[in-house]
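Below, each chain spelled out in residue letters.
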Amino acid sequence: MMTSAAIAQAQAAAPATTADAEEPAADEILVVGSQIRGAKINTALPVTVIGVDEIRTTGAVSGDELFRSIPQFGDVRFNSQQLPGSSNAARGDVGSLDLRSLGVGNTLVLINGRRGVNHPTSQANLQLVPVLTFNSNTIPVNGISRMEVLRDGAAAIYGADAVAGVVNAVLKTNYEGAEFSVQYGGAEGTGFREFNFNGTVGTNFAQGRGNITFFGSYDRGTGLLSTDQDFTASSDKRPLFVGTRFEGQASLDGTSTVTPWASLQTPATFGTVRRNGAALTSASGQFHIQPASQDGCRVGLANGICIDDGLLTTAGADRNLRLDTDAQGTSILPTVDRINLFTTANFELTEDVTLFGEAGYFNSVSNAQQAPIGTLAALPITIPASNYWNPFGQAVFANGQVNPNRLSGTNVPAAGLPVTIRGYSFTDFGQQQVRVVVEQFRTLAGLRGQISGFDWETAVSYSEATATDTSSNISRTALTAALALSTPDAYNPFAGGSLSAPQTGNMTGNNAATIDSARQDLVRFTKSTLLTYDLRISRPDLIELPGGSVGFASGFEWRRETQLDDRDARIDGTIGFIDPVTGEAFGDLVNSALNPDTSGARNVASVYAELQVPLVSPEMNIPLIHRLDIQLAGRAERYSDFGNVAVPKVAGAWDIVEGVRLRGSWSKSFRAPNLEQTNATVVTRANARQDFIFCEADLRAGRITSFAGCARSQSTQARRAGNPDLDAERANTLSFGAVLEPPLPDGMGSLTFTADWWQVKQTGLVGIFGEGNALTLDYLLRLNGQTNPNVERAPVTADDIADFAGTGLTPAGQVLFVRDQYVNLQPQLVKGIDLALLYNTPETSIGRFSVSVNAAHLTTLFLNPSPGIQELIDAREAGAINAGVTIPGGGSLLRQNRTPQWRGSASLTWNLGGVTVGAFAQYVGVVDNLALTDANGVPWAVGPRTTANLYGQYRFSEGTLDGASVRIGVRNLTNAAPPIASGGFLPDVYGPQRRYWYVNLGYRF
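Each chain has its residues counted from 1, following the order in which its sequence is written. For this predicted model, a pLDDT threshold of at least 70 governs which residues receive local features, and a threshold of 80 or more governs which side-chain atom pairs are given and counted, while totals over whole chains, interfaces and linings are taken from all residues. Values shown for side chains rest on all heavy atoms present in the structure; no hydrogens or waters enter the calculation.

Under the convention used in this document: UniProt positions are given in the numbering used here, feature names are shortened, and annotations may be inferred rather than shown by experiment.
As annotated in an unreviewed UniProt entry, the protein chain is Outer membrane receptor protein involved in Fe transport from Polymorphobacter multimanifer. As its UniProt record puts it under Subcellular location (unreviewed entry), the protein chain is described as follows: "Cell outer membrane".

Now the structure itself:
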C-alpha cells in the first residue's frame, strides 16, 4: 500500500490503493509536480492519484477508456470511434488527451517520470490546425501501479506542453512472482466482442540486489458496425428526432449527395444537348442518371435508367437517390489486435549506485470499412468521347465500330463530347477498406545514486512511433484508361445504382476485371522520434530553516524531436496525372488532392531549478499558521528552430490548523508549435462547408424558408500553408484551493474534501481563418459587390445563373478551393472548479470501504475572435448577413459540441476477505450540437448522460484454487444509449457501446 503522506494529501480524485506490484518506500516516492525526491510540497498541488482498485471499477481495458473516466479530461479528439473519411487524420487504435479542455497537445505525458513520444499522425483541432498527441492506448493499463494527474501548469518543472498539466503513468516495478488473467466480454445487441490476456512476471536476482519485471497484454476487439445500433443504422437521422422541434429537418439527412446516380456535365461551351429538339441537359450541359420510374426523365437508357437534365436535385425530388452509407454497415469501431509489452529492471552496482532500465513495445493492427470512394468537386474526372458507354460519345469509334450506346437524333457532333463527372460514388468498387498499423517502442537506461547527501539520476532514452495507414482507392491513370476504352470492358459510370435499393445498392454495370484494373491502395506513413538525455540532482534537506528543511532540485535536459509525414507517391507529386482531355494536373488518386511530404527536426536544451521552502512548521506554534510551505521553480529552454522560452512557477500550501489547508499556485507555461505546423508547405484538407451565398439565393428565391433548411453543403478543399515564423503558444495559470481533512474518531478511517478554482489564460494560439469563415466573408462581400480573393471559384455556369435568377444577387460559381495559413492568433480564457470527496475506512468486521466522488465544472471557455472573425460576428449581429450563419473560431465555447460544463464520477470499493465489489458511475453534462440549429439559431441540446459500472470478484486463498480469482462485471449497467445528435452521437464525448458484460479469470503464483 502507498503510505506516503505526500500522496495521500495530494490526491484529488481517488485514494491511494493497494497495488499488485510492490511500492517503493515512502521516502522514495516522487509524486508528479516536483523533482525533489521525498518532497512534501506536493500538498500544495492539485494532483489526482488513481490506483489499481479505481482502474478496476472503471472497467477500462485501454488507455482511452481510462482517461474518459476522469472528469478533468475533456473530449477525445483522436479516437477510434471517429474514423475520419481519409488518411488526412489519425485513424486506428489511437486516443488523445485533453486535460482541462485546453486543447489537444496541452497535456504532457510522462512514463515513469520521463517524457513519452507523440503519436506520429496529426489531426486538426477546433482551430483546424494539425496537432499531435501522446497515444493514450499505448499505456499498458494492466501494468499501471498508479496514475498521477497534475492538474496545474507545470512547464517550469517539466518543460513544453505542460500547459493544462501532466499525466505520469507509474508502471509496475520490483515485482516478485507471477500472475496471469484472461477476460472476455461483449456489448448486448451487437457483434462487438473483446478478448484480453494479461500477464506479469517478476523476480529478484543477485541476492536481492536486482529485479526484473515484465508485463504484457494482448487485446482483440471484433469491431462495431453502424448497422448494429439504431442511432447509427442509417445516415438519415431524421427518424431519431421525431417528436422534437427538429422533426423532419432536412439537415438531419446525412445521406451523401455523392451517389452512384452520377451527376455529369458536357462542355459548358457547347450549351444544351438536345434530342429531336428536346433538351436533355441544362444550358451548361449538366445532367444526371436516375431510375426510369423517377419523374423528369428526358430519355431512357438501358436497364431501367434514364437521363434527366440538371445535376441531381438531392434536396428535392431526387433525395431518394442519396447514398445511405451507414445503412451499408460502416465501422463505428474498427477491429483491433493490440500487443503491449513492457519491462523494467534495476540492479545495485554498489551501495550508492543503481543501474536501471526500461523497454516497451506496442503494436496495434486495426481494420475498418468505410463509405465507398467518391469524387470531390475540386477534382473532376473526365469521360472521353471514346468511352463505349458514353451516350454522347463518338458516332464511330477509332476501331471502325459503330457506337451502340450513342443516343440518336441529338445535336452532338459525330466526334462526340467528353463528359465531366461532377458527383459520383464508385459503389461497385465496394467499401473502402482501411488498415492501420501502429507501432511504438521505448528504451531507457540510466544510473541513480547518492553522493554527499544529494540524490542524483541520469538517463538516456529513445522512443519511436510509426503509423502506416493503408486504404483502398482508385488510380486516376488506370481509371482514365478504362474510361477511354471503346469496348464493353470500358468503365461505365452511366449505369446508375440499384433500382430495388437506390440509396444502398451497388450498380452492376461493370465487370470485375475492369474494376480491379483501377484499384490502388493509398498509403500514408508517419513517424515520430524522441531522443532524450537528462541529469538530475535533488536534496530534501539542502539547508535548515526554523520551519524545516529546504528542498532543492536542479537538472539539465536535452532532447531531439523528429517528425515525418510520408505521403503516398500518387499524391505527394512523385506520380502525377494529367487529364488527357482538359490538360489539368492532379494527383493520381480519385479523391485525394496533392499533398506534399512533410518532415522536420528540432533540438531542445533546457535547465531547471526548484526549491521547496518550509516557512512555518507546527513546532513553531504560530496561531492560525500550523504549516506554511512554498515551491519556487523556473525553467529555460532553447529551441533550435524558433528561439528561447523561460517560465517560472510559485506554489504554496498554508495549513491554518491541522486538517484545514489552503493552497494556490501561479505559473507560466508554453506549447511549442509542432513540426508540421512550422514545416508543412501545403496541407490540403476537405471538409463539408455551406456556401452561404447560395443559401441566400435559395432563401430569396423561396426555395427554403430559413438557413436551417439550406442544403448547399459541399466538400470544400482548403489549401493551408505552414509557417516557419510561428512562436510558442503561451499561458498564465492561476489556482486556489482548499483541502479539509477533519480528524475522525479512531476506527472511522480518513475523510478528505478538496475544492480548487483555476484559471488559464492562453495567448498566441496557432490557428487559421478557416474555409468556412472564408466562405462567410465571401458571402458578406458579395452582398456588397465584392469578393474574397482567397476563395477560388469555377467560372459561372448557366445553372449558377439560374440559381440566382430573380434574387438581386450576382451569380457565383462553384467553390474550387480556399487559401489559408497557420498564424499565431487568438487568446483564450478557461476557468473551472474541481471538487473531490474521499473516504477510506480501515479494516473492520464488515470489510474495508473506499469511496471517492470527483467533479469538474467548466465555468468559462472563451476564445477571443481574431479581427477577421470578429468582423463576421459583428456583421451577423448587425443583420448584414443571415442570423443562421455559423461562425466558428470565436466567442464562448462552453457546451459547444464537445465541452460540457459538468463532468463527474463516483466510485465505491468494498473488500472483505477474498471478496471485492466495485461500483463506478459517470456523469457527462449537456452539450450544444451546433450542426443542428433552428431558425432562431438555437442549437439542439445533447445529453446529459449517466452510466454505471459494477463488478464482483472473489480471490481464492486456500485449496487447489489458491491464488485464483474470478471477476464478473458489467459496464453501462442501465444500458444507456449515447444521447442522440445530428450525426447519431458525439464520438468525441461518448462511447457508442450499450450494456457490456465481461468475465475475468486470473491466477497469481
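A look at the overall build of the protein chain
Note the following rule: Going along the chain from the N terminus, every DSSP run of H or I of four or more residues is numbered as a helix, and every run of E of two or more is numbered as a strand. Atoms considered for the radius of gyration are the C-alpha atoms alone. The globule rule reads 2.2 Å times the number of residues to the power 0.38. Here the term buried applies to any residue with accessible area under 20% of the maximum for its type, exposed to any over 50%, and partly exposed to those in between, with areas from a 1.4 Å probe on protein chains only. Residue contacts follow a heavy-atom distance rule, with two residues in contact if any of their heavy atoms lie within 4.5 Å. Here the open area of atoms and residues is found with the Shrake-Rupley method and a 1.4 Å probe, where only the protein chains shown may cover a residue.
In terms of helices and strands, the protein chain carries 11 helices and 50 strands. For 1005 residues, the compact-globule estimate of 2.2 N^0.38 gives 30 Å, and the C-alpha radius of gyration of the protein chain, at 31 Å, lies within 12% of that figure. A burial count over the protein chain gives 58% of its 1005 residues as buried. Partitioning the intrachain contacts of the protein chain with sequence separation of at least 6 by distance along the chain shows that 73% fall at a separation of at least 24. For the protein chain, the accessible area works out to roughly 36,300 Å², and carbon and sulfur atoms hold 57% of it.

With respect to the sheet that holds strand 39 (residues 815-821)
Within a sheet, neighbouring strands are paired by backbone hydrogen bonds and run either parallel or antiparallel to one another. Definition in use: A pair of strands counts as paired when DSSP detects no fewer than two bridges linking them. To obtain each axis, a line is fitted to C-alpha atoms, and for helices this fit is confined to the stretch in contact; angles are then taken between N-to-C directions over 0 to 180 degrees.
With respect to topology, four strands assemble into an open sheet ordered 33-34-39-38, the strand pairing being mixed. Because the sheet does not close on itself, it has two edges, and the strands there are strand 33 (683-690) and strand 38 (791-793). Averaged over neighbouring strand pairs, the angle between their axes works out to 30° when direction is ignored. Its contacts with the sheet put helix 9 (residues 771-782) on strand 33, strand 34 (713-721), strand 38 and strand 39, and the angle it makes with strand 38 is roughly 75°.

Here's the deal with the pattern of salt bridges
Note the cut-off: Any carboxyl oxygen of Asp or Glu that lies within 4 Å of a side-chain nitrogen of Lys or Arg is treated as forming a salt bridge with it.
On inspection of all chains with the given rule, the structure shows 59 salt bridges. Here Asp565 ties to Arg524 by a salt bridge, and the two come within 2.6 Å at their closest N and O atoms. You can see Asp565 sitting in strand 26 (residues 548-566) and its partner Arg524 sitting in strand 25 (residues 519-545), a full 41 residues away along the chain. Each member of the pair, Asp565 as well as Arg524, is classed as buried. Of the charged contacts in the structure, one is a salt bridge between Asp534 and Arg536, with a shortest N-O distance of 3.7 Å. Residue classification places Asp534 among the buried positions, given a relative accessible area of 4%. Note on Arg536: relative accessible area 12%, which makes it buried. Look at the salt bridges and you will find they share partners, linking Glu557, Arg559, Glu561, Arg602, Arg635, Glu637 and Asp641 into a network.

A few points about the sheet that holds strand 6 (residues 144-150)
Within the open sheet, the five strands sit side by side as 1-6-7-2-3. Their pairing is mixed. Looking at strand neighbours, the two that pair on one side only are strand 1 (47-51) and strand 3 (114-115), the edges of this open sheet. Where strand 2 (residues 107-111) lies against strand 7 (residues 165-171), five bridges are found, and the strand directions are parallel. What sits directly across from Thr107, in strand 7, is Gly165.

Examining the nonpolar core
Operational definition: Among buried residues, the Ala, Val, Leu, Ile, Met, Phe, Trp, Tyr and Cys ones that are joined through side-chain atoms within 4.5 Å form a nonpolar core.
Ranked by size, the top nonpolar core spans 35 residues in total, and within it Phe67, Phe73, Ile139, Met147 and Val167 carry the most contacts. In this view, Met147 contacts Thr48, Val49, Ile50, Leu66, Phe67, Ile139, Val167, Asn168 and Ala169; residues no more than four positions away in its chain are not counted. The next biggest cluster of nonpolar side chains, apart from the first, holds 33 residues, and it includes Trp261, Ile307, Tyr424 and Ile474.

Structural notes on the domain arrangement of the protein chain
Note the threshold: Note that the domain bounds reflect an automated or database-derived domain assignment. Defined in terms of a 1.4 Å probe, buried area is the accessible area two parts forfeit on being brought together, summed over both. Here a polar contact means two N or O atoms within 3.5 Å. Within protein one must be a hydrogen donor candidate and the other an acceptor candidate, and residues neighboring in sequence count only if both atoms are side-chain atoms. Residues are grouped as follows: Ala, Val, Leu, Ile, Met, Phe, Trp, Tyr, Cys and Pro are nonpolar; Asp, Glu, Lys and Arg are charged; all remaining types, including Gly, are polar.
As far as domains go, the protein chain holds domain 1 (40-227 + 333-371 + 435-470 + 523-681 + 722-765 + 825-864 + 895-1004) and domain 2 (261-322 + 376-423 + 476-517). Taking only C-alpha atoms, the centre of domain 1 and the centre of domain 2 are 53 Å apart. Each partner contributes residues to the interface: domain 1 has 15 residues there, and domain 2 has 12 residues. With both sides pooled, the region where domain 1 packs onto domain 2 buries about 1,000 Å², and carbon together with sulfur makes up 66% of that total. Ranking the residues of domain 1 by area buried against domain 2 places Phe577, Phe586 and Val590 at the top, with a combined share of 46%. Along the contact surface separating domain 1 from domain 2 lie zero salt bridges. At the boundary of domain 1 and domain 2, one finds three residue pairs in polar contact (both at pLDDT 80 or more). Mapped onto the side of domain 1 that touches domain 2, the elements with two or more residues apiece are strand 27 (576-578) and strand 28 (585-587). Looking at side-chain class alone, the side of domain 1 that touches domain 2 contains seven nonpolar, five polar and three charged residues.

Some details on the state of the cysteines
Put simply, the rule reads: Any two cysteine sulfur atoms lying within 2.5 Å of each other are counted as a disulfide.
As enumerated under the stated definition, the model contains two disulfides in all. Here Cys297 is linked by a disulfide to Cys306, with a sulfur-sulfur distance of 1.9 Å. The sign of the S-S torsion, about -65°, decides the handedness of the disulfide formed by Cys297 and Cys306: left-handed. What pairs with Cys695 in a disulfide is Cys710, and their sulfur atoms sit 2.0 Å apart. Across the disulfide from Cys695 to Cys710, rotation about the S-S bond amounts to roughly -80°, and the bridge is consequently left-handed. One end of the pair, Cys695, is in helix 8 (residues 692-701); the other, Cys710, is in the loop between helix 8 and strand 34, with 15 residues separating them in the sequence. Residue Cys695 is classed as buried on the basis of its relative accessible area of 0%. For Cys710, a relative accessible area of 5% gives the class buried. For the protein chain, the bonded cysteines pair up as 1-2, 3-4 when numbered in the order they occur along the sequence.

Describing the packing of helix 8 against helix 9
Put simply, the rule is: When an angle is under 35 degrees it counts as roughly parallel; over 145 it counts as roughly antiparallel; between 65 and 115 it counts as roughly perpendicular; any other value is oblique.
Between helix 8 and helix 9, whose axes approach to 8 Å, the crossing angle comes to 50°. It follows from the interaxial angle that helix 8 and helix 9 lie oblique. Facing helix 8, whose interface residues are Phe692, Ile693 and Glu696, helix 9 presents Thr776, Tyr779 and Arg782. Split into classes, the residues belonging to the contact of helix 8 with helix 9 amount to three nonpolar, one polar and two charged.

Quick word on helix 9
What counts, and what does not: Residue count minus one, scaled by 1.5 Å, sets the expected span of a helix.
With 12 residues, helix 9 extends 16 Å between its outermost C-alpha atoms, agreeing within 8% with the 16 Å of an ideal straight helix rising 1.5 Å per residue. Among the 12 residues in helix 9, 12 count as buried, and that is most of the element. Those residues of helix 9 lying buried are Glu771, Gly772, Asn773, Ala774, Leu775, Thr776, Leu777, Asp778, Tyr779, Leu780, Leu781 and Arg782. Structurally, helix 9 contributes buried residues whose contacts are with strand 33, helix 8, strand 34, strand 38, strand 39 and helix 11 (867-877).

Some thoughts on the packing of aromatic side chains
Counted only if it meets this: Here a Phe, Tyr or Trp ring, Trp counted by its six-membered ring, pairs with any other such ring whose centre lies within 6.5 Å, and the pair is stacked when the planes are under 30 degrees apart, edge-to-face when over 60, and tilted otherwise. Here, over-ring charges are defined by two tests on the NZ atom of lysine or the CZ atom of arginine: distance to the ring centre within 6 Å, and angle to the ring normal within 35 degrees.
Taken as a whole and assessed by the stated rule, the structure comprises 29 aromatic pairs. Geometrically, the ring pair formed by Phe426 and Tyr491 is tilted, given 5.9 Å between the ring centres and 35° between the ring planes. Pair noted here: Phe426 is in the loop between strand 22 (419-423) and strand 23 (432-451) and Tyr491 is in the loop between helix 5 (476-484) and helix 6 (512-518), with a separation of 65 residues, a long-range link. As far as burial versus exposure is concerned, Phe426 and Tyr491 are alike and both buried. Centroid distance Tyr1003 to Phe1005: 4.8 Å. Interplanar angle 65°. Geometry classified as edge-to-face. With a relative accessible area of 31%, Tyr1003 lands in the partly exposed category. Looking at Phe1005, the relative accessible area reads 63%, which means it is exposed. In textbook terms, an aromatic cluster arises when at least three aromatic residues are bridged by ring pairs, as seen for Phe180, Phe197, Tyr1003 and Phe1005. Positioned above the aromatic ring of Phe356 is the side chain of Arg448, whose terminal nitrogen or guanidinium carbon lies 3.9 Å from the ring centre.

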